[in-house]
Each structure stands twice: as C-alpha cells, then as structure tokens.
Amino acid sequence: MAPTDIELPSMSQSHEPVQRIAPDVKLGRNVRIFSFTNLYGCEIGDDVKIGTFVEIQKGAKIGSRCKISSHTFVCEGVTLEEEVFIGHHVVFTNDRYPRSTANGKLQTEADWVCIPTLVKRGASIGSGAVLLCGITIGENAMIGAGSVVTRDVPAGATVAGNPARIVRPRSQKADATNLIAAGQST
Ligand SMILES: CC(C)(COP(=O)(O)OP(=O)(O)OC[C@H]1O[C@@H](n2cnc3c(N)ncnc32)[C@H](O)[C@@H]1OP(=O)(O)O)[C@@H](O)C(=O)NCCC(=O)NCCS
C-alpha cells in the first residue's frame, strides 16, 4: 500500500481521547488538556491549559492559570507557581550529571537524587528553552527563545542565549506587580 493510501484514525471518528491522565493526577477546576499528552503523579491547578504532546511527570506542580504550550517536557522536581507561561518545546531537567547505569546495571530511582527547579509567579519561558536543574526563575522574569538557562534568574529580568545572560535587568511589569503586592500602588 502506498503511504498516501494509509488510513489514519481520525479523532472525530473514534471519539477516543488520545491522552493519558493517570488516576493519581490531582487536577484543578477548568483544566484544558489537549491530545497526545502524558500526565502522571503531578498536581495541576485551576484554569491551566496544557498543549498537545506535553508530558508532566510525577511530583511536578503546576500553579493556577499557567499555560504550557505544545511539546514541552516538565519533569519531576519542577514547580511552576501561578500564571507562568511555558512556550513550545521547553525542556526542564532534574539530574545535573545523568548516567544510564550504576555498577553496570540500569539506574533506578535509588541511584540518583532529583534536583528541583522553581519558576516563580508570572514568569515566561520562551520556546525551545532548556533549563538546567537546581535554579529559580524569579517572578515575571522572561526567558528568551532557545536559551539554555544555567543560573538563577532575578525577578523581572529578561535573559537570552546559551548560556543565558541578562538582556534587560527589570521589566516595568515586574516593578508594577511588586508595588501592587507591597500595597504601594492604587
Ligand atoms: C528574549 C526576548 C523577550 C527579548 O525581547 P526584547 O526585550 O524585545 O529584546 P530585543 O529584541 O531588543 O533584543 C535584545 C538583544 O538580545 C538578543 N536576543 C533577543 N532574543 C534572543 C534570544 N531568544 N536568544 C538570543 N539572543 C536574543 C538580540 O539579538 C539583541 O541583541 P543585540 O543587542 O546584541 O542586538 C525575545 O527576543 C524572545 O526570545 N521572546 C520569546 C518568544 C517566544 O519564545 N515565544 C513563545 C510563544 S510563541
């Protein structure tokens, strides 16, 4: 059969949700999850949107009103606070020195320590960014597309490049948000 003759099952025909949401996932209210997603052992807050081909591993926490775009990988150890934007194909990591084996056998959970990553409220991660583990992305920070982020990012800063460096130290949005939070603004 020529490739063009292959009949692919269509979503409208099968009515099958092509997504895996394990029973141990804690889902908030009004969460929208698109097709071909794989979620297990994670916590998802209210009003979150999760794009197609996203995987979210056990132990990951996604705050309310976050938007996670397609093809992103959120691993164990990652916490997103509220209103975080994650672009397409963003990759988090949780092992700084990964190895396949320990003592000649495939590694198990006992052979490595999960290193956490925190993305604070209102931050945005551009498409294709890679975040090394053990870092904190500050409130309302902006990570440029394709960046490799190796260090903490200060609140409100814009960083870009490989390794990511500060392009703009603070945004007006971050300052306004902090003033409101501190009760210094009408
Ligand atoms: C990082 C970003 C926010 C910077 O925007 P900006 O503040 O308007 O900055 P500018 O475009 O003025 O660029 C400032 C400098 O940073 C560089 N730069 C900007 N974005 C960059 C990136 N992603 N990687 C590397 N360098 C970058 C520019 O080349 C420029 O360098 P120069 O001064 O030597 O010419 C933006 O470029 C970006 O990457 N946004 C993310 C887009 C995205 O992924 N969206 C996802 C949903 S579609």
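Above: the structure in question.
I will try to describe carefully the structure that is included in this document. Quantities reported herein were computed from a predicted structural model and do not represent experimental measurements.

Formed by 35 residues in total, the largest nonpolar core has its most connected members in Ile62, Ala141 and Ile143. Elements represented by at least two residues in this core include exactly strand E11 (78–80) and strand E20 (142–143). Non-local contacts of Ala141, meaning those with residues more than four positions away in its chain, are made with Ala123, Val153, Pro154, Ala155, Gly156 and Ala157.

So, about the sheet that holds strand E19 (residues 136–137). Spatially, E2-E5-E8-E11-E16-E19 is the arrangement adopted by the six strands of the open sheet, whose pairing is parallel. Two strands close off the open sheet at either side, each with one partner strand: strand E2 (26–27) and E19. Sheet topology places strand E16 (residues 117–119) next to E19; two bridges connect them, and they run parallel. Following the sheet pairing, Val119 is matched in E19 by Ile137.

This part takes up unusual backbone geometry. Residue Asn162 is joined to Pro163 through a cis peptide bond whose omega torsion reads -5°. Mapping Pro163 onto the fold places it in the loop between strand E22 (158–160) and strand E23 (165–168). One non-glycine residue, Asn103, lies in the positive phi region at around 55°.

Before going further, it helps to spend a moment on the sheet that holds strand E3 (residues 32–33). Pairing in this open sheet of eight strands is mixed, and the strands run E3-E6-E9-E12-E17-E20-E22-E23 from one edge to the other. The sheet is open, and its two edges are formed by E3 and E23, each paired on a single side. The pairing of E20 with E22 spans two bridges and is parallel. Counterpart to Ile143 in the pairing with E22 is Val159.

The rules behind each value
Residues numbered from 1 in each chain as written. Predicted model: local features only at pLDDT ≥ 70, side-chain atom pairs only at ≥ 80, totals over all residues. Core = buried A, V, L, I, M, F, W, Y, C linked by C-beta atoms within 7 Å. Buried ≥ 20, exposed ≤ 12 C-beta atoms within 10 Å, placed from the backbone. Helix = DSSP H or I, 4+ residues; strand = E, 2+ residues; numbered from the N terminus. Contact = placed C-beta atoms within 7 Å. Pairing = 2+ DSSP bridges.

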